[in-house]
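# Structure at a glance
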Amino acid sequence: MNFMRYGRPAVIAIAAALVLSSCASNEAGSTATDDAAESTLTGTLNAAGASSQGSAQEAWISAFQTANPDVTINYDPSGSGAGRETFIAGGTSFAGSDSYLSDEELAGEFAACAPGTTAVDLPVYISPIAVIFNVEGVTDLNMDADTLAKIFTGAITTWNDPAIVALNADADLPATAITAVHRSDDSGTTKNFADYLFQAAPDVWTEKPADPFPYATGEGAQGTSGVVDAVTNGTGTIGYADASRAGDLGVAKIKVGDEFVEYTAEAAAAVVDGSPLVEGRADNDLAIKLDRLTTDPTHYPLVLVSYALVCTEYADAEQGTLVKEYVSYMASEDGQAEAAASAGAAPLSADLQSKVAAVLETVK
């Protein structure tokens, strides 16, 4: 592994996280099946990235290691930005990321990839982003993009603001101050949340979408779990998180067209299926340009697509084989069913599964 871009403390932190992940994963997948007896795969595969994939990765790792008992897979849910940096530096063999590789990242070198080759974005996980809240006496909450943007930019500061009241005529909204909780780390979930507001409320949310939260407002929290904890334990709080982690918190409905829409896996998948690929990229890159401006109430536009970032050819052929087999399982019908059951993810469509499988067939 090439950790040259990192200082010694960072290397130790990454290694420690992967070792802990390995222990948990091996315990979960220790029982071999009949299929496992036929597996010839061996080796250790290290990956890191999107915390949104955390629950799905636990389930995928358990199932894959059960079928392939001589394989160890470690996934550190360190966040999309950290995952991409570690993958680019060669510290892991693939990354999970809620935002696809930028043109600048693709123009650089990937230490794990064979010289002269690059990486591609493969969709493996689709999930709604839930707007979670904890406001005493409020169980149902409607939000439109403008109001949500004003809350997170600091323009709306109390729960009984007229803009919120106008959307929630039946709610008893208190004069409590709003604490808007955002990710403090570089996060693809933040980028997707910001992309929705940038497109749907451009007069309010004027900063271009990026992994760092762009405004010096509200309260920052580390990772998905940090945001959920801060909203749960605060007063008058609101935040955004992968829907699989919403738990018992209140979840706002989002205005789509003339209706307020609850998130569902089906509504999230519908947006992805109706969105085109990003233009100007390689034919084997499956980055998706999400349609955030839909007015179809069967769609939920506040959604993320999380990717597996993989080399088209690996410097270490054995690692290439492990990545190819594991990511193929993640994106397969069985893998998608596992993510739906364990994390509430929206399965990739059959067409998108086929496209991902076709790209993986070419990975070396």
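Residues numbered from 1 in each chain as written. Predicted model: local features only at pLDDT ≥ 70, side-chain atom pairs only at ≥ 80, totals over all residues. Heavy atoms only, no water.

## Comments concerning the packing of helix α11 (residues 317-331) against helix α13 (residues 350-361)
- Between α11 and α13, the least distance of the axes is 10 Å, while the angle of their chain directions is 175°. The pairing of α11 with α13 is recorded here as roughly antiparallel in orientation. Contacts between α11 and α13 pair K324, V327, S328 and A331 from the former with Q353, V356, L360 and E361 from the latter.
- Considering only residue class, the contact of α11 with α13 consists of 4 nonpolar, 2 polar and 2 charged. (Axes fitted to C-alpha atoms, helices over the stretch in contact; angles between N-to-C directions. Helix = DSSP H or I, 4+ residues; strand = E, 2+ residues; numbered from the N terminus. Parallel < 35°, antiparallel > 145°, perpendicular 65-115°, else oblique. Contact = heavy atoms within 4.5 Å. Nonpolar A, V, L, I, M, F, W, Y, C, P; charged D, E, K, R; others polar.)

## Examining the layout of surface pockets
- There is about 480 Å³ of room inside the largest pocket.
- Y100, K191, D195, P209 and K289 are the residues nearest the centre of the largest pocket, which is lined by 22 residues in total.
- Put simply, the parts of the chain that give the lining of the largest pocket at least two residues each are α5 (103-107), α8 (188-200) and β12 (303-311).
- In terms of residue count, α8 provides more of the lining of the largest pocket than any other element does, 5 residues in total.
- In the lining of the largest pocket, the residues fall into 9 nonpolar, 4 polar and 9 charged. (1 Å grid on protein atoms, 1.4 Å probe; cavity = no way out; pocket = protein on both sides within 12 Å on 5 of 7 lines; lining within 4 Å. Points joined across faces, edges and corners; volume = space filled by probe spheres on them.)

## Describing the pairing of strand β8 (residues 237-242)
- β8 sits mainly inside the fold: 6 of its 6 residues count as buried.
- Across 6 bridges, strand β4 (residues 119-134) lies against β8 in antiparallel orientation. The residue of β8 that forms the bridge with I132 is G239.
- Bridge analysis of strand β6 (residues 179-183) against β8 gives 3 bridges, and the strand direction is parallel. Bridge pairing in β8 links V181 to G239. (Buried < 20%, exposed > 50% of the residue type's maximum accessible area, 1.4 Å probe, protein only. Pairing = 2+ DSSP bridges.)

## With respect to the sheet that holds strand β11 (residues 259-261)
- One open sheet accounts for 3 strands, arranged β5-β10-β11; its pairing is mixed. What marks the edges here is a single partner per strand, and that holds for β5 (142-143) and β11.

## Overview of the state of the cysteines
- Applying the stated criterion to the full structure yields 1 disulfide.
- With a sulfur-sulfur separation of 2.1 Å, C113 is cross-linked through a disulfide to C311. Its torsion about the S-S bond being -85°, the disulfide of C113 and C311 is classed as left-handed. With C113 in the loop between α5 and β4 and C311 in strand β12, this pair connects stretches of sequence that are 198 residues apart. There is no split in this pair, since C113 and C311 are both buried. (Disulfide = S-S within 2.5 Å.)

## Topic: helix α10 (residues 265-273)
- When α10 is considered as a whole, its buried residues turn out to be A267, A268, A269, V271 and V272.
- Where the residues of α10 are buried, they touch β4, β12 and α13.

## Considerations on the confidence of the model for the protein chain
- Confidence in the prediction for the protein chain averages 88 pLDDT; 90% of positions are at 70 or higher.
- Per-residue pLDDT stays below 50 along residues 1-34; that stretch engages in 43 contacts with residues further than four places along the chain or on separate chains. (pLDDT = per-residue confidence, 0-100.)

## Section: the nonpolar core
- The biggest cluster of nonpolar side chains holds 95 residues, and the ones touching the most others in it are F94, M143, L148, F152, I238 and V310.
- For this core, the element with the most residues is β4, which contributes 9 residues. (Core = buried A, V, L, I, M, F, W, Y, C linked by side-chain atoms within 4.5 Å.)

## Focus on the packing of aromatic side chains
- Under the defined criterion, the tally for this structure stands at 13 aromatic pairs.
- Both rings, one in F64 and one in Y329, keep their centres 6.1 Å apart while their planes meet at 40°; by these two values the pair is tilted. Within this pair, whereas F64 is found in helix α3 (residues 54-67), its partner Y329 is found in helix α11, the two being separated by 265 residues in sequence. Residues F64 and Y329 agree in their burial class; the two are buried.
- Directly above the ring of Y100 sits K191, whose terminal nitrogen or CZ lies 5.7 Å from the centroid. (Phe/Tyr/Trp six-rings, centres within 6.5 Å; stacked < 30°, edge-to-face > 60°. Lys NZ or Arg CZ within 6 Å of the ring centre and 35° of its normal.)

## Concerning the side chain of D185
- For D185, the position within the fold is in the loop between β6 and α8.
- Owing to a relative accessible area of 9%, D185 belongs among the buried residues under this scheme.
- Reaching out from D185, the side chain makes a polar contact with the backbone nitrogen of G223 at a distance of 3.2 Å.
- Not counting chain neighbours up to four residues away, the residues in contact with D185 comprise S78, G79, D211, A221, Q222 and G223. (Polar contact = N/O pair within 3.5 Å; in protein donor to acceptor, adjacent residues only side chain to side chain.)

## Some remarks on α11
- With 15 residues, α11 should cover 21 Å at 1.5 Å per step; its first-to-last C-alpha distance of 21 Å lies within 8% of that length.
- Looking at α11, one finds that the buried residues are Q319, G320, L322, V323, K324, Y326, V327, Y329, M330 and A331.
- In this structure D316 caps α11, since a side-chain oxygen of it lies 3.0 Å from the backbone nitrogen of E318. (Expected span 1.5 Å × (residues − 1).)

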